[in-house]
Amino acid sequence: GAGVSQSPSNKVTEKGKDVELRCDPISGHTALYWYRQSLGQGLEFLIYFQGNSAPDKSGLPSDRFSAERTGGSVSTLTIQRTQQEDSAVYLCASSLGQFETQYFGPGTRLLVL
Amino acid sequence: DQQVKQNSPSLSVQEGRISILNCDYTNSMFDYFLWYKKYPAEGPTFLISISSIKDKNEDGRFTVFLNKSAKHLSLHIVPSQPGDSAVYFCAARGMGGSNYKLTFGKGTLLTVNP
C-alpha cells in the first residue's frame, strides 16, 4: 500500500516569503506528526494531530509556524515570513494510533536564501 | 539539553562482521525505545523497538539490548551487509500524556564495506 507522501520534495524560497508543506498520511492512520531535521541534528518534534485536532503544538519554534489537518487526512505545515534558520528537512509521520509505530514520509527539503 | 545521545557520528565495519550502534538517554521517564534506519533522500524507516520491561529484543539479524540502570541501549547487526549502510537513529518515547512524541538522537552513519 501507499506510504506517507510529502510535497514538494524540495523547496527553495527567499527570506520573508511564506511556504506551505503538504503531508498525505497512510490511509486510516488517525495520528499525524511533523518533525524537523536541521543539518547535523536529530529529528525535532514539532506538532501532533489526533484526527483533526492538535493537542500538542509545543514543538512549533515560533508563531510563524502553524499547521492544520483536514478530513482526518491531509495536513499542511505553513511557515510565514521564512528565515534562514528555518532551512531544514521537514518530515511528516503517521501512525494507526498514538501508541503505534510512526511511519515517515520522505521529507521536504526547505532552503531559505 | 539532549535527552537521547548517540555519541558516535559514524561507524565503519567489514561485511559479515558485527555492527554495534550505541545510544544513551538521560530521561528516566522514557519507557519505549526504537531504532530507525535512514537512507539518503528518504524518510526514516522503523527497524526494531524495545519496551523498558525487556532487556533484549531480536528480529532476524537485528537485536536491541536495553540496560535501564545504565540508561543505555545498543543495536547489534549480525552479520552486517553493505545494504545496511545508512544513518541509524535511536529514539525514545515517554510515559504519560506525551507518549506519542519521539525524542531522537543525532544519528550514527554506518558504513559496511564489502
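Residues numbered from 1 in each chain as written. Chains lettered and ligands numbered in written order. Predicted model: local features only at pLDDT ≥ 70, side-chain atom pairs only at ≥ 80, totals over all residues. Heavy atoms only, no water.

1. Brief notes about the overall build of chain A
Convention followed: Numbering of helices and strands starts at the N terminus; helices are DSSP runs of H or I of at least 4 residues and strands are runs of E of at least 2. Atoms counted for the radius of gyration: C-alpha only. Globule rule: 2.2 Å times the number of residues to the power 0.38.
In terms of helices and strands, chain A carries zero helices and 11 strands. Going residue by residue from the N terminus, the α and β elements of chain A occur as β-β-β-β-β-β-β-β-β-β-β. Its C-alpha radius of gyration of 13 Å places chain A within 12% of the 13 Å reference for a compact globule of 113 residues. Over its C-alpha atoms, taken along the principal directions, chain A stretches across nearly 35 × 25 × 25 Å.

2. Comments concerning the pattern of salt bridges
For clarity, the threshold we go by: Throughout this description, the term salt bridge denotes a Lys or Arg side-chain nitrogen within 4 Å of a carboxyl oxygen of Asp or Glu.
Overall, the coordinates contain six salt bridges over all chains when judged by the stated rule. Ionic pairing is found between B:K101 and A:D56, a salt bridge with its closest N-O pair at 3.8 Å. Here B:K101, found in the loop between β9 (86-94) and β10 (102-104), pairs with A:D56, found in strand β6 (residues 53-56), and the two come from separate chains. A salt bridge links B:E58 to B:K56; its shortest N-O distance comes to 4.0 Å.

3. Some thoughts on the sheet that holds strand β7 (residues 65-69) of chain A
Residues and elements named next belong to chain A. Rules: The criterion for strand pairing is that DSSP finds at least two bridges linking the strands in question. In this analysis an axis means a line fitted to C-alpha atoms, helices contributing only their contacting stretch, and an angle means the value between N-to-C directions, from 0 to 180 degrees.
What the four strands build is an open sheet, ordered β1-β3-β8-β7; its pairing is antiparallel. Of all strands in the sheet, those bounded by a partner on one side alone are β1 (5-7) and β7. Across this sheet, the average inter-strand angle for adjacent strands is 15°, counted without regard to direction. As paired strands, β7 and strand β8 (residues 75-79) are joined by five bridges and run antiparallel to one another. Bridge pairing in β8 places S66 opposite T78.

4. Focus: the state of the cysteines
Residues and elements named next belong to chain A. Spelled out, the test is: Here, a disulfide means two cysteine sulfur atoms that sit within 2.5 Å of each other. Three exposure classes are used, based on accessible area relative to the maximum for each residue type with a 1.4 Å probe and protein chains only: buried under 20%, partly exposed in between, and exposed over 50%.
In total, this model carries two disulfides over all chains according to the counting rule given. At a sulfur-sulfur separation of 1.9 Å, the disulfide partner of C23 is C92. Disulfide C23-C92: torsion about the S-S bond near -65°, hence left-handed. Taken together, the residues span a long stretch of sequence, with C23 in strand β3 (residues 19-24) and C92 in strand β9 (residues 88-95) at a distance of 69 residues. When its relative accessible area of 0% is taken as the criterion, C23 is described as buried.

5. With respect to the interface of chain B and chain A
The following threshold applies: What makes two residues a contact is simply this: any of their non-hydrogen atoms within 4.5 Å. Accessible surface is computed with a 1.4 Å probe, and the buried area is the amount of it that two parts give up when combined, taken over both parts together. What qualifies as a polar contact is a pair of N or O atoms within 3.5 Å, subject to a donor-acceptor requirement within protein and to the restriction that residues adjacent in sequence count only when both atoms come from side chains.
In this assembly, 16 residues from chain B lie in contact with 21 residues from chain A. Buried area between chain B and chain A, both sides added, is near 1600 Å², and the carbon and sulfur share of it is 55%. Counting the surface chain B buries against chain A, the share from its top three residues, B:Y100, B:F104 and B:K106, is 35%. Taken together, the connections running from chain B to chain A amount to one salt bridge. Where chain B touches chain A, the interface holds five residue pairs in polar contact (both at pLDDT 80 or more).

6. Notes on a nonpolar patch on the surface
Here is the rule we go by: For patch building, the residue pool is restricted to those with more than 30% relative accessible area and no salt bridge; the joining distance is 9 Å between like charges and 5 Å between nonpolar side chains (Val, Leu, Ile, Met, Phe, Trp, Tyr). Per-residue and other accessible areas follow the Shrake-Rupley method at a 1.4 Å probe size, with only the shown protein chains counted as cover for residues.
Residues A:V12, A:L111 and A:L113 make up a contiguous nonpolar surface patch of about 280 Å² in total accessible area. Residue A:V12 is classed as exposed on the basis of its relative accessible area of 53%.

7. Focus: unusual backbone geometry
Between A:S7 and the following residue, A:P8, the backbone shows a cis peptide bond with an omega angle of -10°. Each neighbour pair has its own omega, and for B:V78 with B:P79 the value is -10°, a cis peptide bond. Mapped onto the elements of the fold, B:P79 is located in the loop between β8 (72-77) and β9. The backbone phi angle of B:A41 is positive, close to 65°, even though this residue is not glycine.

8. A word on the environment of B:I20
By secondary structure assignment, the location of B:I20 is in strand β3 (residues 19-25). Apart from the residues lying within four places of it in its own chain, the contact partners of B:I20 are B:L11, B:S74, B:L75 and B:H76.

9. What to know about the sheet that holds strand β7 (residues 62-67) of chain B
Residue and element names in this part refer to chain B. Strand order in the open sheet formed by five strands is β1-β3-β8-β7-β6, with antiparallel pairing between adjacent strands. Either end of the sheet is taken by a strand with one partner, and the two such strands are β1 (4-5) and β6 (56-59). One ladder, built from four bridges, connects β6 with β7; its direction is antiparallel. Directly across from E58, in β7, lies its bridge partner T63.

10. Brief notes about the packing of aromatic side chains
All names here are of chain B. Note the following rule: Classification of ring pairs rests on two measures: the distance between centres of Phe, Tyr or Trp rings, Trp counted by its six-membered ring, which must be within 6.5 Å, and the angle between planes, read as stacked under 30 degrees, edge-to-face over 60 and tilted in between.
Taken as a whole, this structure holds 14 aromatic pairs over all chains when the rule is applied. With a centroid separation of 4.6 Å and an interplanar angle of 40°, the aromatic rings of Y25 and F33 are classed as tilted. For Y25, a relative accessible area of 7% puts it in the buried group. Relative to F46, the ring of Y36 lies with its centre 5.9 Å away and its plane at 70°, an arrangement referred to as edge-to-face. Taken together, the positions of Y36 in strand β4 (residues 30-38) and F46 in strand β5 (residues 45-51) put the pair 10 residues apart, joining distant regions of the chain. A residue is classified by how much of its surface remains accessible, and F46, at 27% relative accessible area, is partly exposed.

It is worth stressing that arrangement in space is one thing and function is another; only the former is reported here.
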